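Coordinates in review
What follows is each chain in one-letter form.
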Amino acid sequence: MSEKFEKLKSAEEASVCHTYGRYPLAVARAKGCRLWDLDGKEYVDLLAGIAVVGLGHSRPELLTVINEQYEKLVQVSNLFYQEEQVALAEKLLATCEAGRVFFCNSGAEANEAAIKLARRYMRKVKGRDVSEIVSLLDSFHGRTMGALAATGQPKLQDGFEPLAGGFAHIPFGDVCALRAAVSERTCAVMVEMVQGESGIKPQPREWVDALLALRQEHGFLIIVDEVQAGLCRTGKFWSHQHYGFVPDIFTVSKSLANGLPMGAMLATEEVATGFVPGSHATTFGGGALISAVASKVIDIMVEEDLPGRVAEMGEFCLAEFRKLLAKHPDKIAHVRGVGLMLAIELANPGQDVHRALLDAGFVLNLAHGTILRLLPPLVIEKADILAFVKALDGILKG
Ligand SMILES: *Cc1c(COP(=O)(O)O)cnc(C)c1O
């Protein structure tokens, strides 16, 4: 590690809360699918800021929007109408079956809005005094107190008790457990169609079919967390579209403003009646600058047919990963993915492999100690994937 890096690292440790186990890399600048460290070394970005910079770093079209909008209007609060916010809402609604949007600033906040809307709709519109939200073990819904209570990971909750009440967790893919957990008392089931943080796990179709039948029977709401899997990441605009149903509520954030913080909650027109003026609010949500940027992001996703591109690239990546698996059946346990949510699960702890990949100039995530998780920019090129596969092949041989 260079002297520059060591200096930054110790300054960070002396000034920033110790909440992150960081990789030994300081990113100084980025462009497209490339990152550069403090010493000018180049990296291929296969993580995109954790599925955030979907269109690649520093897009010229977005820079133009940022410059123009900054001069025109940045933020006035939600006490006022803003053209940019309405335009973005209309663009989002054109991609799905939802009827209304609530804008906020992060994934956790979008999920908080979803939980609040589900409960308030049931009580105030349906007249049903139900509050329980059922979610999955190993899910990830965010770190705020409500989203954390929904997140089925005791290790993330440890030390923060008492957690918000009214949450229950069931094992992944277990139809019997789902059937046993829901009833007339259930307010909502909250689910990621492809679990991200837990290592790229798509929901089994039978489980989703059972969920839809049980919704019909008991009248609970389905909240889909699209924070990571939404916005073309899985090869459809929304991950729930792989399963052909309409969620009552779904949430989005990570790549919505391609690197600027933004979140949104979308609901059917009916369920959205659970919020009335004053029920819920945020200062920054849907501000003019960020909305203008997100509008351009949606335009580009539609114009460049990113769902189609991602579906094709995802197939390409998986085919390459399967070849690698065939070459190293003792080193690789499993490869899987949907679109550009990809995982190579190693047979043994992968810290050394992950570190060697970083040294070779490839940035990606190591999840749960053994899973190489790739969430590349949606505009990643085949040549970058091939270079990564070649590097990993060499590392696994060595
Ligand atoms: C990242 C993530 C969140 C939390 O988003 P933040 O913006 O970090 O609050 C919630 N749900 C899923 C599925 C995520 O991947």
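Preceding this paragraph is the structure being described.
The text that follows walks through the structure, step by step, so that each part is easy to find. None of the values given here were measured: they were computed from a predicted structure.

Digging into the packing of aromatic side chains
Here the distance between the centres and the angle between the planes together describe a pair of aromatic rings. By the definition in use, this model includes 5 aromatic pairs. Considering the side-chain rings of F102 and F275, the 6.3 Å spacing of their centres and the 65° angle between planes classify their relative orientation as edge-to-face. A residue pair is termed long-range when its members are at least 10 positions apart, and F102 in strand β4 (residues 100–104) and F275 in the loop between β12 (263–267) and α10 (288–303) qualify at 173 residues. Judged by relative accessible area, which is 18%, F275 ranks as buried.

As for the packing of helix α4 (residues 83–93) against α10
At a minimum axis distance of 8 Å, the contact between α4 and α10 shows a crossing angle of 30°. As far as their axial angle goes, α10 and α4 are roughly parallel. Judged by the sense of rotation from one axis to the other, the crossing of α4 with α10 is left-handed. Residues E84, Q85, A87, L88, K91 and L92 of α4 pack against A288, S291, A292, A294, S295, I298 and D299 of α10. Of the residues contributing to the contact of α4 with α10, the split by class is 7 nonpolar, 3 polar and 3 charged.

A word on the sheet that holds strand β3 (residues 42–45)
Strand order across the open sheet formed by 4 strands is β1-β2-β3-β15, with mixed pairing between neighbours. The sheet terminates laterally at β1 (27–31) and β15 (362–363), the two strands that pair on one side only. Strand direction decides the pairing type here: strand β2 (residues 34–37) and β3, joined by 3 bridges, are antiparallel. Bridge pairing in β3 places W36 opposite E42.

A short note on the site of the ligand
Within the structure, the ligand sits among 13 residues, and G107, A108, D225, Q228 and K254 are positioned closest to it. In the environment of the ligand, a nitrogen atom lies 3.2 Å from a nitrogen or oxygen atom belonging to the backbone of F140. Here the ligand is seated within the largest pocket. Ranked by the residues each element gives to the shell around the ligand, the list is headed by helix α5 (residues 107–125), at 3 residues. Here the residues of the shell around the ligand are counted per class, giving 3 nonpolar, 6 polar and 4 charged.

Quick notes on α4
Turning to α4, its buried residues number three or more, namely E84, L88, A89 and L92. With its buried residues spanning 135° around the axis, α4 presents them on a single face. The exposed residues of α4 that point more than 90 degrees off its buried face are E83 and E90. On its buried face, α4 is in contact with α3 (60–72), β4, β12 and α10.

Conventions adopted
- Residues numbered from 1 in each chain as written.
- Predicted model: local features only at pLDDT ≥ 70, side-chain atom pairs only at ≥ 80, totals over all residues.
- Heavy atoms only, no water.
- Phe/Tyr/Trp six-rings, centres within 6.5 Å; stacked < 30°, edge-to-face > 60°.
- Helix = DSSP H or I, 4+ residues; strand = E, 2+ residues; numbered from the N terminus.
- Buried < 20%, exposed > 50% of the residue type's maximum accessible area, 1.4 Å probe, protein only.
- Axes fitted to C-alpha atoms, helices over the stretch in contact; angles between N-to-C directions.
- Parallel < 35°, antiparallel > 145°, perpendicular 65-115°, else oblique.
- Left-handed = near helix turned anticlockwise from the far one by under 90°.
- Contact = heavy atoms within 4.5 Å.
- Nonpolar A, V, L, I, M, F, W, Y, C, P; charged D, E, K, R; others polar.
- Pairing = 2+ DSSP bridges.
- Near = heavy atom within 4 Å.
- Polar contact = N/O pair within 3.5 Å; in protein donor to acceptor, adjacent residues only side chain to side chain.
- 1 Å grid on protein atoms, 1.4 Å probe; cavity = no way out; pocket = protein on both sides within 12 Å on 5 of 7 lines; lining within 4 Å.
- Sits in = over half its atoms within 2 Å of the grid points.
- Arc of directions from axis to C-beta.

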